Amino acid sequence: MKQHRKQPVRRGSAVWAVAITSMAGFITALDNLIVTTALPSIRKDLGGGLEDLEWTVSAYTLTFAVLLMFGASLGDRFGRQRLFAIGLTIFTAASAAAALAPGMGELIAARAAQGVGAAIVTPLTLTLLSAAVPAERRGVAFGVWGAASGIAVATGPLIGGTLTEHLSWQWIFWVNVPLGLALIPLALLRLDESHGPNPSLDLAGTALVSGGLFGIVYALVRGNADGWTSTPVLGGFFAGTALLVGFVLYELRAKHPMLPMRLFRHRSFSAINAASLLMFLGMFGSIFLLSQYLQTVGGYSPMEAGVRMLPWTAMPMIAGPLAGALSDRIGGAPVVTVGMALNAVGLGLWALAVEPQVSYTSLLPALIVCGIGMGMFFAPSANLVMSTVRPEEQGIASGANNAIREVGGAIGVASLAAVFSAQGGYGSASLFVDGLRPALWVGAAAVALAAALALLMSRQRKADGPAPGLATGDAPVTV
């Protein structure tokens with residue numbers, strides 16, 4: 001086993017670490033939503049159907065989700081600085097490949113490769129930042145890092161729409177290339193190398209969970225096209241479920257599991273992660289369809305659609321800090337519960353408001369309510385995850401929660417698009433609305449169920465008391 005060696009900290013390395021990891025976090029977070037406002041232009045240029053657009057989004061989120069914790073393990077074993085640079089290289093090269101893609105198949109493959117690079121880069125940003133910044137200054141450093149990722153999510157649809165309208169959709173990928181090419185040498189020159197305490201790689205667990213999730217998402221994407229009782233679709237569901245069951249059984253017995261199943265013995269940890277999955281299922285699936293609705297039915301340009309999404313995507317920048325302060329006073333569970341409930345209400349308002357011809361002002365209340373709900377979810381939910389595990393397990397818990405959220409997003413795009421295509425389509429504005437409305441109600445139901453789980457967790461917290469390893473009054477560390 002390779003021993004962890006403390007490296008001498010170079011002068012100014014903390015500032016460089018904050019700048020490099022924050023920018024890397026920005027570009028990987030940006031690619032979650034930057035593609036949404038470009039989808040109609042991609043479909044017009046490259047052709048393809050709804051399932052191709054689904055994979056354009058899900059190929060990134062799915063590979064990102066299933067390899068996120070594996071990427072952290074690679075860094076622990078082979079060196080975090082080295083793997084960080086390799087991850088940036090993969091992400092940058094894949095971004096160029098996506099911009100040059102001549103067809104939908106090549107674009108989807110490039111998006112999957114982007115997800116691989118992002119899954120290596122993202123978890124290492126925090127470990128590299130922690131190693132470079134003194135403990136007494138990490139709060140500020142994490143705040144800068146979190147703000148960069150938050151801005152990326154908030155402005156993703158706007159940046160994507162602006163680049164698509166004024167240049168071309170290819171530029172939503174080209175924009176990553178100069179940033180990546182600048183960050184790679186900076187990472188090699190300005191970041192200190194470090195290794196983790198556990199160099200083991202869970203290859204079997206990674207293969208099982210990757211295959212299982214791919215099978216389920218494939219079946220959801222192909223259900224309407226091939227028939228829900230067809231052999232490929234049923235095979236995807238059954239094989240995917242079997243592989244996921246095999247993953248759980250394997251992780252229970254593995255010496256160094258990628259996802260320790262013991263964490264889920266704490267009912268609050270299980271509840272907040274299940275709620276997070278459902279929250280992202282409803283929200284990501286809805287954003288996937290609503291960004292297309294604003295252009296296909298509303299007649300807005302890509303940039304105009306991005307601007308009109310801002311009351312939803314940018315509202316967390318305002319509501320998030322207020323929700324964090326409120327959760328410090330009354331606890332995170334009530335804040336998260338209300339936030340998810342507001343998201344469910346917002347999606348319900350969308351479902352009631354969408355029509356073939358509707359003014360933007362009629363949609364604005366739904367956008368604002370969803371935005372406030374998202375802001376009330378993010379920071380308090382991270383604190384809740386951390387408060388249910390021991391301090392030494394917080395890195396694993398954070399990685400698990402982020403992976404589960406991304407899985408929820410991938411399943412959400414696939415499942416809500418399946419509802420949409422079963423009830424409607426792209427043939428006309430009326431047909432689009434016919435499919436969108438029931439999909440939004442499904443999304444609202446998923447988020448409402450998430451709120452119910454969070455409410456159950458808040459009741460359970462009093463009975464559970466403090467999490468193992470945390471004394472009463474100890475503040476959990478958010479990463």
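Note that this is a predicted model, so its numbers are computed, not measured. (Residues numbered from 1 in each chain as written. Predicted model: local features only at pLDDT ≥ 70, side-chain atom pairs only at ≥ 80, totals over all residues. Heavy atoms only, no water.)

**Topic: the overall build of the chain**
And then number 1: Of the regular secondary structure elements, the chain holds 17 helices and zero strands.
And then number 2: Buried residues in the chain amount to 56% of all 479 residues.
And then number 3: When the accessible area of the chain is evaluated, it comes to approximately 18900 Å², of which 66% is carbon and sulfur surface. (Helix = DSSP H or I, 4+ residues; strand = E, 2+ residues; numbered from the N terminus. Buried < 20%, exposed > 50% of the residue type's maximum accessible area, 1.4 Å probe, protein only. Areas by Shrake-Rupley, 256 points an atom, 1.4 Å probe, with all protein chains shown as cover.)

**Regarding helix α1 (residues 13–33)**
And then number 1: Helix length check: α1, at 21 residues, gives a terminal C-alpha distance of 31 Å against a target of 30 Å (1.5 Å per residue), a fit within 8%.
And then number 2: α1 sits mainly inside the fold: 17 of its 21 residues count as buried. (Expected span 1.5 Å × (residues − 1).)

**Remarks on the side chain of Glu-251**
And then number 1: Turning to its location among the elements, Glu-251 is positioned in helix α10 (residues 231–253).
And then number 2: One buried charged residue, Glu-251, remains without a salt bridge, the closest side chain of opposite sign being Arg-262 at 9.1 Å.
And then number 3: Those residues in contact with Glu-251 that sit more than four places away from it in its chain are Asp-202, Gly-205, Pro-257, Met-258, Leu-259 and Met-261. (Lys, Arg positive; Asp, Glu negative; His and termini not counted. Salt bridge = Lys/Arg side-chain N within 4 Å of Asp/Glu carboxyl O. Contact = heavy atoms within 4.5 Å.)

**Quick word on the packing of aromatic side chains**
The geometry of an aromatic ring pair is captured by the separation of the ring centres together with the interplanar angle, meaning the angle of the planes.
And then number 1: Taken as a whole and judged by the stated rule, the model has nine aromatic pairs.
And then number 2: With a centroid separation of 6.4 Å and 35° between ring planes, the pair formed by Tyr-293 and Phe-432 is classed as tilted. Here Phe-432 lies in helix α17 (residues 429–464) and Tyr-293 lies in helix α11 (residues 267–296), a separation of 139 residues in the sequence. The two residues Tyr-293 and Phe-432 agree in class, both being buried.
And then number 3: Following the ring pairs from residue to residue traces out a cluster consisting of Tyr-293, Trp-350, Phe-420 and Phe-432. (Phe/Tyr/Trp six-rings, centres within 6.5 Å; stacked < 30°, edge-to-face > 60°.)

**A short note on the packing of α1 against helix α3 (residues 50–78)**
And then number 1: Contact geometry of α1 with α3 gives a least axis separation of 9 Å together with a crossing angle of 135°. Comparing their axes, α3 and α1 come out oblique. Pair α1 / α3 crosses with left-handed handedness. Within the contact between the two elements, α1 uses Thr-28, Asp-31 and Asn-32 and α3 uses Tyr-60, Thr-61 and Phe-64.
And then number 2: For the contact of α1 with α3, a count of residues per class yields two nonpolar, three polar and one charged. (Axes fitted to C-alpha atoms, helices over the stretch in contact; angles between N-to-C directions. Parallel < 35°, antiparallel > 145°, perpendicular 65-115°, else oblique. Left-handed = near helix turned anticlockwise from the far one by under 90°. Nonpolar A, V, L, I, M, F, W, Y, C, P; charged D, E, K, R; others polar.)

**Describing a nonpolar patch on the surface**
And then number 1: A surface patch of nonpolar side chains, about 390 Å² in accessible area, is lined by Ile-151, Met-317, Ile-318 and Leu-322.
And then number 2: It is helix α13 (residues 315–330) that contributes the most residues to the nonpolar patch, three residues altogether.
And then number 3: One can find Leu-322 in helix α13. (Patch = residues over 30% accessible without salt bridge, like charges linked within 9 Å, V, L, I, M, F, W, Y side chains within 5 Å.)

**Points about the confidence of the model for the chain**
And then number 1: Averaged over the chain, the pLDDT score is 80; the fraction of residues at 70 or greater is 87%.
And then number 2: By mean pLDDT, the top-scoring element of the chain is helix α4 (residues 80–99) (93), and the lowest-scoring one is α13 (73).
And then number 3: Every residue in residues 1–9 scores below 50 in pLDDT, and together they form 12 contacts with partners more than four places removed in sequence or on other chains.
And then number 4: Every residue in residues 459–479 is under pLDDT 50, and counting partners more than four places away or in other chains gives 36 contacts. (pLDDT = per-residue confidence, 0-100.)

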